[in-house]
Every structure is written in structure tokens, then in C-alpha cells.
Amino acid sequence: MAFIELTNVVKNYEKGSEVVHVLQDLNLSLHEGDFLALMGPSGSGKSTLLNLIGGIDQPTAGSVVVDGANLDNMSGSQLAKWRSATIGFVFQFYNLLPFLTAERNVELPLLLTNLRGSQRKENALTALRTVSLEDRAKHKPGELSGGQQQRVAIARAIVADPKVLVCDEPTGDLDRQSAQEILALLETLNEQFGKTIIMVTHDPLAAEHAKTVLHLDKGVLVESEQAEVSA
Amino acid sequence: MTSVGFVWKNLYRKKTRTFLTFFCLFIAFLLYVALGSIAVVFSIDTVSGELGANRLQTSAKYSMIDDIPKRYVDEISQLDGVELVTHMSWFGGYYQEPSNMLVTFPVNPSTFFRVYPEYEISDEYLSAFIETRRGMVAPIAVVEQYQWKVGDIVPIGSQIYAQKDGNYTWEFELVGYYTPDQEGQTAVLLQYDYFDEANAFGPGSVGWLAIQITDSQLGPEIAQKIDSMYINSSDPVRTATESEANRQFLAQYGNITLMMSGILLAVFFTILLVCGNTMAQAFRERIAELGVLKTIGFNDYGLGLWILSEAVVLSVLPAIFGVVIGMGLLVAVGSSGAAAMFLPTPPMSVVLSTAVSSIALAGALGVLVGAIPALTTTRMSIVEAMHA
């Protein structure tokens, strides 16, 4: 079985009396260690698909299986626990907590573990070292550039050593050089650390860093490169 | 960083807002402890205990500032059921400066300590008080406060009574001290005979009577009998049990309990709004952050508990400060003779009970204002939160 398997996934939202069909009978298989770029116009369902794989939303119909866990049957608490162990999230606008230092931000996911304070701190610094920001550990997000903030966000995403990184337009708010640094970092995490990465992007240059590129349009996968996909 | 540290850092993120909310709550709880304790004093009989149940108090019918004839002491002593009668007068005394007000009563030393056995005095000092024409006894706390010594001639000024030569400053000899039944009692007792002879208004008047009766059940009957005896005289009286007399005395301030309850209710309604608004604003600002925390893996109930904890800490912490400072103020008022004269000082048990109820109230307030944001946090979906 594939590492990530979506079978006949349908996702609808209700907007008043109207039903919005976001994803329609979508099937997708990804192997462990894949680096997938999801592209498509706004409203095509990219983020929704990302949310389903990341376990922060559940499908209207069909099944989502990640690393052997069927997410459809999980309760909210089970999903939260699963996410903390399996998924690392990177957002377009970094979403760091402004009142915490970089180190504290990175340490946040470790509060959910049984690690001791000193071990949590050590792990957080290791993650910051991985993204080359150890020297900015005591800086708050407001004191960092956009690229640096995104690297802190990536450190936060990897600190609990999840198998999957879910990145929602991670370079969307960055200049070209910072974007390249972030993409290079993601590549490193994929190639050297074996992280499975699913990245939503509008930027074709960013997508070039992925091993697989998929296009979504109106909730349907319309093009595939390298990955096992059927829509 | 721990969960507690995270809650603390969240509170500290908007320093000005947190400080202002903290200060507002601090003042509110300071008022609550101070006024609440005083309100309790006005609503309960803190003066009369079991001993007071067997005592009646007789004063001029129309105003407590009117005197009554001293002969009433002997006449009332003859009634069935009356064991002993003593008398007191309001001297309006002060020491050296009018601002050093003293609670001073000219009394009959022979009967006073028998009617009020809860005021303890040694036989030696009592004998000296009875035998010394210008004798005076005071509680040990007052003696220490003014550094008097037994044998000192102490000038006591009066704002009411002049001597026959027109001098308002009297001289009394401190012949001993006594132990009052309650902390904070500061009454200085003067030899009545000297006061009676020397005051410019002339002899034969007393302020009010304290009547020891043989059976508390007879109280209403004896009180009615005493009032009837003088109903057609030029000096009619009213008699009541000691507790009722105390209540009537306190009632001259107005319905203090109601007034203070009103103030406290207004204070708490205000802080409920202030605290609730602060929490609501803080919550609205952080919806997206809460969505991020949920995404990372924090569960709904854990986050809800964090929000609730923040609200409780925000309420309880200033309450603790307010309570401590409020208690300090009450102690300071209690140790000031002048203030204590006009403002009944609550006993420490009342203050402590108000302090405990304040902290409990603060906790409840925190839960109340934190409940809705906490509940919303638990119910909020990540997708909605991230788009807020």
C-alpha cells in the first residue's frame, strides 16, 4: 500500500443553502520520500486537499490513509495526536507566535511530548541548527526577515521529527532569493532526511524543486508527472 | 517552556492592556475586601456576645447625645429582675491634639467592671481606680501607644465638657490598665465622680445606662417597664437589649450594608465587563494562532483549558494583591484610634473570611469571563480558525 492513499475522495462545503463541490472523486497515491508540488488556480481545491492529507479536515466521502492510519475514522483528539506525531506544517505567512522567541516557537510542538525541558530545548536548537538559524534562537519573529521566519517555521515543523511535511505556499510571501533558500532547504529535508513533502504552490519555479507535480482544476486532478495518480 | 509559562507569556504579550486590566481588578478587589468587611460589621452584632444577652441599654428617648438623670440608676436598680446598673457618658476626649481622638467614658468604677466582666482588670488597679478621685484606666494598647506609665498625670482634652473654670483640658491620673475582650477596643475609662463634680454643666447627669438583668428572657418585659416609668417625665428613655441598641447606633449611619452592597455590585458588574471585554478582545486577536496550535497537534480541550486558565490568572492574581493591600488598610485603620472611632473595625475573622470569598469570587469571575472563549476554542474548526 502507498504511504499516502486517497481513494474516491469527495469534499463538499455548505455555504448557506448552497453546496460547494471542492474535490470530486479524487484518487491519489504517494510513496514515502516523495516531494509533491500541487499546482492550480485559486479555488481549485489545493489547500483543501492539503488539509485532508494533513488531517485537519475530513472528507465528505472516500478515504484518506496516511502512513497506515485511516483518518476518516479518527476523532478530533485522535487526529490532533496523530498530527503532532506524523505531520509538520509550513504556512505561507509563517504563523509563528509573535510573543515567543524563535527557540520557544520551535519548542511548541514538543510540549505535546513527554520530553523534559532540557531535552526539548536541545531538540529545538538542533532544529534551528538544521535550518541554519541557531544564532537567532533568542530573537522574536518581529526581529527576523520573512525568509528567516519561514525557516523558523520549518524548524518548528520538523522538530518532532514527523514523516510528512505539508507546506501551503511556503514561498508565497518571500522574495526570489529567500524563496530559493527555502526550497533548497525543503529539498535537503526530502533528500537527506527522507521527509515526504506535499507542497502547494502557484510558482512554476518552485514546483521545479519537487519530484512530482500535480495540477488541480475545479477539484479534479488534470495532469500528472511521475506520481501514481488517477482522477 | 511549560504550559504554565505559555499561559503567562500570553498574558504578558500586551503589557499595557494586561497592566490596565490588572490595575482595574486590583482596585475592585481592594474595595471589595475593605468595604465588604465593613459591611459585614454593620450587618452583624459583633459587640454583644453571650454576656451581652443579659444586658439592656437605656438612653434618652429622642437622641443618644441627650443625657439622662443619674438618679435613674438607683430607681432602675430597684426593679425585679435587675441585678446591677452602671452608667457611661460620652466625653469626646482627645490627647494633646484634637486629631488624637480617644474613646473616653466617665464610668462608675465600682459597677462598670461587674456589668462588663469581659473587660478584665486586676484587683489592684480596680481598687486604685475606685479610690483615686481623678483616676483613669486604659487598655494596654493605648497605654503603649502614648507611652504612658502608671502614675502619670495625663491631660485629656474634651470637645464637649469644660470644667467649671472654663478649661476644656482635664487632668487624670493613670492608675492602671485593663484588658478589653476584643482587639481594637480602645476605650479609656475615667472616674465619673470627678467628672460629675467638675464639669460646667453641673452634676447629676449620665449618658446612658447598662443594666445587668438576671434572665435574658425578662429583657423585653423589663425594657418596657423602664420606658413606662419615665414616659411622662422630662427625660423619657428608650431601652433595648444591647445588641438592638448597637444595631440602632450603627443604623444612624444609614443602611450601610445596602449602600456598600450597591457599590460592590456596581464594581463587580464593571469589572465583569472590563475583564470580559479584555478576554474577548484577546481571544479575537488570537483565533488564527489557536488554529495554528490546533494544527500542530494541541487538542481542543487542552487549548480551551489554556484560555480558561488565562482568564482565571488574570482575575485571581490582581485579587490576591487587592486582598493583601485591602487587609493592610483595614489593619491600619484599626490601629488608628480616630478612624476606628467612627468606622467600626472588622475583626480579623471577618476580614479573613472576606479575603477568602474575594479570591473565590475572583476565580468564579475568571471562569465566567473565560468560559465562552474557552468553549468557542474547543468548538472552532481549524479551517475556520486559519481563515479568521
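This text follows the structure it describes.
These remarks concern the structure in this document. Nothing here was measured: the structure is a model prediction, and the numbers come from that model. (Residues numbered from 1 in each chain as written. Chains lettered and ligands numbered in written order. Predicted model: local features only at pLDDT ≥ 70, side-chain atom pairs only at ≥ 80, totals over all residues. Heavy atoms only, no water.)

Some details on the overall build of chain B
Scanning chain B for helices and strands turns up 15 helices and 14 strands. Per-residue burial over chain B gives 49% buried out of 388 residues. Look at the contacts in chain B between residues 6 or more apart in sequence, and 79% of them connect residues 24 or more apart. Summed over all atoms, the accessible surface of chain B reaches about 18400 Å², with 60% contributed by carbon and sulfur. (Helix = DSSP H or I, 4+ residues; strand = E, 2+ residues; numbered from the N terminus. Buried < 20%, exposed > 50% of the residue type's maximum accessible area, 1.4 Å probe, protein only. Contact = heavy atoms within 4.5 Å. Areas by Shrake-Rupley, 256 points an atom, 1.4 Å probe, with all protein chains shown as cover.)

Regarding the interface of chain B and chain A
At the interface, 19 residues of chain B touch 22 residues of chain A. Note on chain B versus chain A: buried area summed over both sides is about 1900 Å², and carbon and sulfur give 73% of it. Scanning the region where chain B abuts chain A turns up 0 salt bridges. Along the contact surface separating chain B from chain A lie 2 residue pairs in polar contact (both at pLDDT 80 or more). Mapped by element, the contributors of at least two residues to the side of chain B that touches chain A are α1 (3-12), α11 (287-296) and α15 (382-386) of chain B. Looking at which element gives the most residues to the side of chain B that touches chain A, the answer is α11(B), with 6 residues. A class-by-class count of the residues in the side of chain B that touches chain A yields 10 nonpolar, 5 polar and 4 charged. (Buried area = accessible area lost by both parts, 1.4 Å probe. Salt bridge = Lys/Arg side-chain N within 4 Å of Asp/Glu carboxyl O. Polar contact = N/O pair within 3.5 Å; in protein donor to acceptor, adjacent residues only side chain to side chain. Nonpolar A, V, L, I, M, F, W, Y, C, P; charged D, E, K, R; others polar.)

A few points about the packing of aromatic side chains
Residues and elements named next belong to chain B. One pass over the structure, following the stated rule, counts 29 aromatic pairs over all chains. On the numbers, 5.0 Å between centres and 35° between planes, the contact of F112 with Y116 is tilted. A single burial state applies to F112 and to Y116, both of which are buried. Arranged with centres 5.9 Å apart and planes meeting at 70°, the rings of F113 and Y178 form a pair that is edge-to-face. You can see F113 sitting in helix α4 (residues 109-115) and its partner Y178 sitting in strand β10 (residues 169-179), a full 65 residues away along the chain. For the pair F113 and Y178, one class covers both residues: buried. Three or more aromatic residues joined by ring pairs make a cluster, and in this case those are F91, Y161, W170, F172, Y192, Y194, F195 and F201. (Phe/Tyr/Trp six-rings, centres within 6.5 Å; stacked < 30°, edge-to-face > 60°.)

Observations concerning the side chain of B:T295
With respect to the helices and strands, B:T295 occurs in helix α11. Take B:T295: its relative accessible area is 0%, and that puts it in the buried class.

Details of helix α10 (residues 256-285) of chain B
With 30 residues, α10(B) extends 43 Å from end C-alpha to end C-alpha; this agrees with the ideal 44 Å at 1.5 Å per step. All buried positions along α10(B) are accounted for by B:I256, B:M260, B:L264, B:V267, B:F268, B:I271, B:C275, B:G276, B:T278, B:M279, B:A282 and B:F283. (Expected span 1.5 Å × (residues − 1).)

Regarding the environment of A:Q148
Residues and elements named next belong to chain A. Examined against the element boundaries, Q148 turns out to sit in helix α5 (residues 146-158). Put simply, Q148 and L38 are 110 residues apart on the chain and 24 Å apart in space, counted from C-alpha to C-alpha. Apart from residues lying up to four places away in sequence, Q148 is in contact with L133 and R136.

A look at the packing of helix α4 (residues 117-130) of chain A against α5(A)
All names here are of chain A. For the pair α4 and α5, the least separation of the axes is 9 Å and the interaxial angle reads 130°. In terms of axis orientation, α4 runs oblique to α5. For the pair α4 and α5, the crossing hand works out as right-handed. Contacts between α4 and α5 pair A127, L128 and T130 from the former with V152, A155 and I158 from the latter. Each residue belonging to the contact of α4 with α5 can be placed in one class, and the counts come to 5 nonpolar, 1 polar and no charged. (Axes fitted to C-alpha atoms, helices over the stretch in contact; angles between N-to-C directions. Parallel < 35°, antiparallel > 145°, perpendicular 65-115°, else oblique. Left-handed = near helix turned anticlockwise from the far one by under 90°.)

Re helix α1 (residues 46-54) of chain A
α1(A) sits mainly inside the fold: 8 of its 9 residues count as buried. Listed as buried for α1(A) are A:K46, A:T48, A:L49, A:L50, A:N51, A:L52, A:I53 and A:G54.

A look at the side chain of B:E310
Residue and element names in this part refer to chain B. Tracing the chain through its elements places E310 in helix α12 (residues 300-335). Reaching out from E310, the side chain makes a polar contact with the side chain of N10 at a distance of 3.5 Å. With sequence-adjacent residues up to four places away left out, E310 is seen in contact with V7, N10, L11, M279 and R286.

With respect to the pairing of strand β1 (residues 4-15) of chain A
Residues and elements named next belong to chain A. Sheet topology places β1 next to strand β2 (residues 18-30); 9 bridges connect them, and they run antiparallel. Within the sheet, the bridge partner assigned to L6 lies in β2 and is L28. Between β1 and β2, which pair antiparallel in sequence order, lie 2 residues; one of them, G16, sits at a positive phi of approximately 65°. By the bridge criterion, 5 bridges tie β1 to strand β4 (residues 61-66) in an arrangement that is antiparallel. (Pairing = 2+ DSSP bridges.)

Some remarks on the pattern of salt bridges
All names here are of chain A. Overall, the coordinates contain 17 salt bridges over all chains when judged by the stated rule. In this structure, E134 and R129 form a salt bridge, with 3.1 Å as the shortest nitrogen-oxygen distance. Of the residues examined, R129 reaches a relative accessible area of 44% and is grouped as partly exposed. A single network of salt bridges, built from pairs that share partners, joins R104, E107 and R120.

Section: the packing of α5(A) against helix α6 (residues 176-191) of chain A
Residues and elements named next belong to chain A. Across the interface, α5 lies against α6 with an axial gap of 9 Å and an inter-helix angle of 20°. Between α5 and α6, the crossing angle belongs to the class labelled roughly parallel. Of the two elements, α5 crosses α6, and the hand of that crossing is right-handed. Residues G147, Q150, R151, I154 and I158 of α5 form the contact with α6, whose own contacting residues are S178, E181, I182, L185, L186 and L189. The residue makeup of the contact of α5 with α6, split by class, is 6 nonpolar, 3 polar and 2 charged.

Some points on the environment of B:V115
Residues and elements named next belong to chain B. Positionally, V115 belongs in helix α4. Taking the C-alpha atoms as reference points, V115 and E83, 32 residues apart in sequence, are found 9.1 Å from one another. Excluding its chain neighbours within four sequence positions, the residues that come into contact with V115 are R55, L84, T86, A210 and Q212.

Description of the environment of B:E131
If you trace the backbone, B:E131 turns up in helix α5 (residues 123-131). Counting along the chain gives 21 residues from B:E131 to B:S110, while the straight-line C-alpha distance between them is 9.7 Å.

Overview of unusual backbone geometry
For A:Y94, which is not glycine, the phi dihedral falls at a positive 65°. You can see A:Y94 is positioned in the loop between β6 (87-90) and α3 (102-107). Of note, B:Q96 is a non-glycine position whose phi angle comes to about 65°, a positive value. We classify B:Q96 as exposed; its relative accessible area is 55%.

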